[in-house]
Amino acid sequence: MRVVTTAQPRQDLDVQPSPLALLLLGREADPKSERGVECPGDLPAPSDPDLVERARAAKEKLGDKVFVLGHHYQRDEVIQFADVTGDSFKLARDAAARPEAEYIVFCGVHFMAESADILTTDDQKVVLPDLAAGCSMADMATAEQVAECWDVLTDAGIADRVVPVSYMNSSADIKAFTGRHGGTICTSSNAQRALEWAFGQGEQVLFLPDQHLGRNTAVRDLGMSLEDCVLYNPHKPNGGLTTEQLRGARMILWRGHCSVHGRFSLDSVNDVRERIPGVRVLVHPECKHEVVSAADEVGSTEYIIKALDAAPAASKWAIGTELNLVRRVAAAHPDKEIVFLDKTVCFCSTMNRIDLPHLVWTLESLADGKTVNRIEVDPETEKYAKLALEQMLALP
């Protein structure tokens, strides 16, 4: 293939980056997306040898005014400055337990920062170091799409017996929808309890936005069949389902998924068992049903960490979750063989947008008295989203 370069672009071609290309570069905003825009200031260069010292100095200057949260999937260079680490809901609750902190710097993604804003006081400012750190799964269910879905359920005559259950990995708008319609939020660790509660309130569940967590919990934990589940596709008329299918389903699953966990396949499981005799396969419930069915253990991020902590020395594990976490737990347990389930390296690309330059820029801006990248949920949305979150906290 011959590559031709020219000093000047041809005048008869008006070549402009597409909106998607600009969005992926972090140079444009999509108001309907979890992804956002570039920083309004100048980032320090990634090659700056003083980045670690600059972050440390800015954090020290802020003192108790700042509380830094680090999600398990963050880079090591960022995690080292986190006051606490954990999954999204644990971190939001940790933030709420620190009312003296004026600034909550959430090293995670957009929906997580929204949840922190909902659960913290009005005086606290939640900051996301890079507004382009979103979640592809959360993007798969917009407020308009879900409202249209509810209209479809209403037309089918079942809305009054459907209870919405939304995964924590959803936007504030979707959490608010859930609260308005008497539903609850769930995490990957309490999804079974959430579904048991929901079926005590109604006859059917609309599960948003991750089809795999909903299907795995219903079939694996509640003993339903795959035939009890239907998949609602927001891009098709009537969700791609007949009225009879909607009426006959127990679980109406939204067509959404995690771009990282969805990469693992049954071939991945079979391959690692062949390569590493005696290996135990441990995966996150956001994985596909066939992967979860073939695994030895299934659990949330916190479950995975605790299981590896408790595992005997010399045991062998293949982990199906985000690579930053797998590398971190492998380094913490040199006495065990811990490998990534898939041969292909796969980080969460949006989680990885938050790097040391973004964190340094954020902390130095706050130390200079300038609030940047604040995440604020409007009062009406917050009111109903909080109802759904509080219902989760009240689960037995």
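Residues numbered from 1 in each chain as written. Predicted model: local features only at pLDDT ≥ 70, side-chain atom pairs only at ≥ 80, totals over all residues. Heavy atoms only, no water.

### Some words on the overall build of the chain
And then number 1: Check the secondary structure of the chain and you find 17 helices and 13 strands.
And then number 2: Going through the 396 residues of the chain one by one, you find that 55% of them count as buried.
And then number 3: Here the contacts in the chain between residues at least 6 apart in sequence split such that 66% fall between residues at least 24 apart. (Helix = DSSP H or I, 4+ residues; strand = E, 2+ residues; numbered from the N terminus. Buried < 20%, exposed > 50% of the residue type's maximum accessible area, 1.4 Å probe, protein only. Contact = heavy atoms within 4.5 Å.)

### Remarks on the packing of aromatic side chains
And then number 1: Enumeration according to the criterion identifies three aromatic pairs in this entry.
And then number 2: Relative to Phe177, the ring of Trp150 has its centre 5.6 Å away and its plane inclined at 80 degrees; by these criteria the two rings are edge-to-face. Placement of the pair is Trp150 in helix α7 (residues 143–155) and Phe177 in helix α8 (residues 172–180), with a sequence separation of 27 residues. Take Trp150 and Phe177: they sit in the same class, and that class is buried.
And then number 3: With 5.4 Å between their ring centres and 65 degrees between their planes, Phe264 and Phe340 make a pair best called edge-to-face. On the criterion of sequence distance, the pair formed by Phe264 in the loop between β9 (251–254) and α12 (266–275) and Phe340 in strand β13 (residues 337–340) is long-range, its members being 76 residues apart.
And then number 4: The class for Phe340 is buried, based on a relative accessible area of 13%.
And then number 5: Cation over ring: Arg98 sits above Phe67, and NZ or CZ is 4.2 Å from the ring centre.
And then number 6: Taking the ring centre of Phe199 as reference, the NZ or CZ of Arg250 above it sits at 5.0 Å. (Phe/Tyr/Trp six-rings, centres within 6.5 Å; stacked < 30°, edge-to-face > 60°. Lys NZ or Arg CZ within 6 Å of the ring centre and 35° of its normal.)

### Overview of helix α17 (residues 379–393)
And then number 1: Here α17 is 15 residues long and its end C-alpha atoms lie 20 Å apart, about the 21 Å a rise of 1.5 Å per residue gives.
And then number 2: Of the residues making up α17, those classed as buried are Thr381, Glu382, Ala385, Ala388, Leu389 and Met392. Angularly, the buried residues of α17 cover 130 degrees about the axis, an arc narrow enough to put them on a single face. (Expected span 1.5 Å × (residues − 1). Arc of directions from axis to C-beta.)

### Quick notes on the nonpolar core
And then number 1: The biggest cluster of nonpolar side chains holds 106 residues, and the ones touching the most others in it are Phe207, Met251, Val283, Leu341 and Leu363.
And then number 2: Sort the elements by how many residues they give to this core and helix α16 (residues 356–367) lands first, with seven residues.
And then number 3: Among all residues touching Phe207, those that are not within four sequence positions of it are Val165, Cys186, Leu195, Leu213, Gly214, Met251, Ile252, Leu253 and Trp254.
And then number 4: The next biggest cluster of nonpolar side chains, apart from the first, holds 21 residues, and it includes Ala141, Cys149, Trp150 and Trp254. (Core = buried A, V, L, I, M, F, W, Y, C linked by side-chain atoms within 4.5 Å.)

### Comments concerning the sheet that holds strand β6 (residues 184–186)
And then number 1: Ordered in space as β6-β5-β7-β9-β8, the five strands form an open sheet in which the pairing is parallel. Lying at the two open borders of the sheet, with one neighbouring strand each, are β6 and β8 (229–232). Taken pair by pair, the neighbouring strands of this sheet meet at an average axis angle of 25 degrees, ignoring direction.
And then number 2: As defined by bridge partners, strand β7 (residues 204–208) adjoins β9 across three bridges and the pair is classed as parallel. Bridged to Phe207 within β9 is Leu253. (Pairing = 2+ DSSP bridges. Axes fitted to C-alpha atoms, helices over the stretch in contact; angles between N-to-C directions.)

### Let's talk about the pairing of β9
And then number 1: Covered by surrounding structure in β9 are Met251 and Leu253 together with Ile252 and Trp254, the residues of both alternating faces.
And then number 2: As defined by bridge partners, β8 adjoins β9 across four bridges and the pair is classed as parallel. Bridge pairing in β9 links Cys229 to Met251.
And then number 3: Remark: the β8/helix α11 (residues 243–248)/β9 crossover connection has right-handed handedness. (Right-handed = clockwise from strand over helix to strand, strands pointing away.)

### Remarks on the packing of helix α9 (residues 191–201) against helix α10 (residues 211–221)
And then number 1: At a minimum axis distance of 10 Å, the contact between α9 and α10 shows a crossing angle of 80 degrees. Relative to α10, α9 is oriented roughly perpendicular. For the pair α9 and α10, contact is made by Ala191, Gln192 and Leu195 and by Leu213, Gly214, Thr217, Ala218 and Asp221, respectively. (Parallel < 35°, antiparallel > 145°, perpendicular 65-115°, else oblique.)

### Notes on α8
And then number 1: In terms of residue burial, α8 counts as a mostly covered element, since seven of its nine residues are buried.
And then number 2: Here α8 has its buried residues at Ala172, Ile174, Lys175, Ala176, Phe177, Thr178 and Gly179.
And then number 3: In this structure, the buried side of α8 is in contact with α5 (110–119), α7, β5 (162–167), β6, β7 and α17.
And then number 4: At the exit of α8 stands Gly182, carrying a positive phi of roughly 75 degrees.

### Side note on unusual backbone geometry
And then number 1: The step from Leu208 to Pro209 runs through a cis peptide bond, and the omega angle for that step is -20 degrees.
And then number 2: Assignment of secondary structure puts Pro209 in the loop between β7 and α10.
And then number 3: Even without being glycine, Ala314 reaches a positive phi, approximately 75 degrees.
And then number 4: Among the structural elements, Ala314 can be located in the loop between α14 (301–310) and β12 (316–320).
And then number 5: On the basis of relative accessibility, which here comes to 60%, the residue Ala314 falls in the exposed class.
And then number 6: Look at Asn373: it is not a glycine, yet its phi comes out positive at around 50 degrees.
And then number 7: Relative to the elements of secondary structure, Asn373 occurs in the loop between α16 and α17.
And then number 8: Judged by relative accessible area, Asn373 falls into the buried class, the value being 9%.

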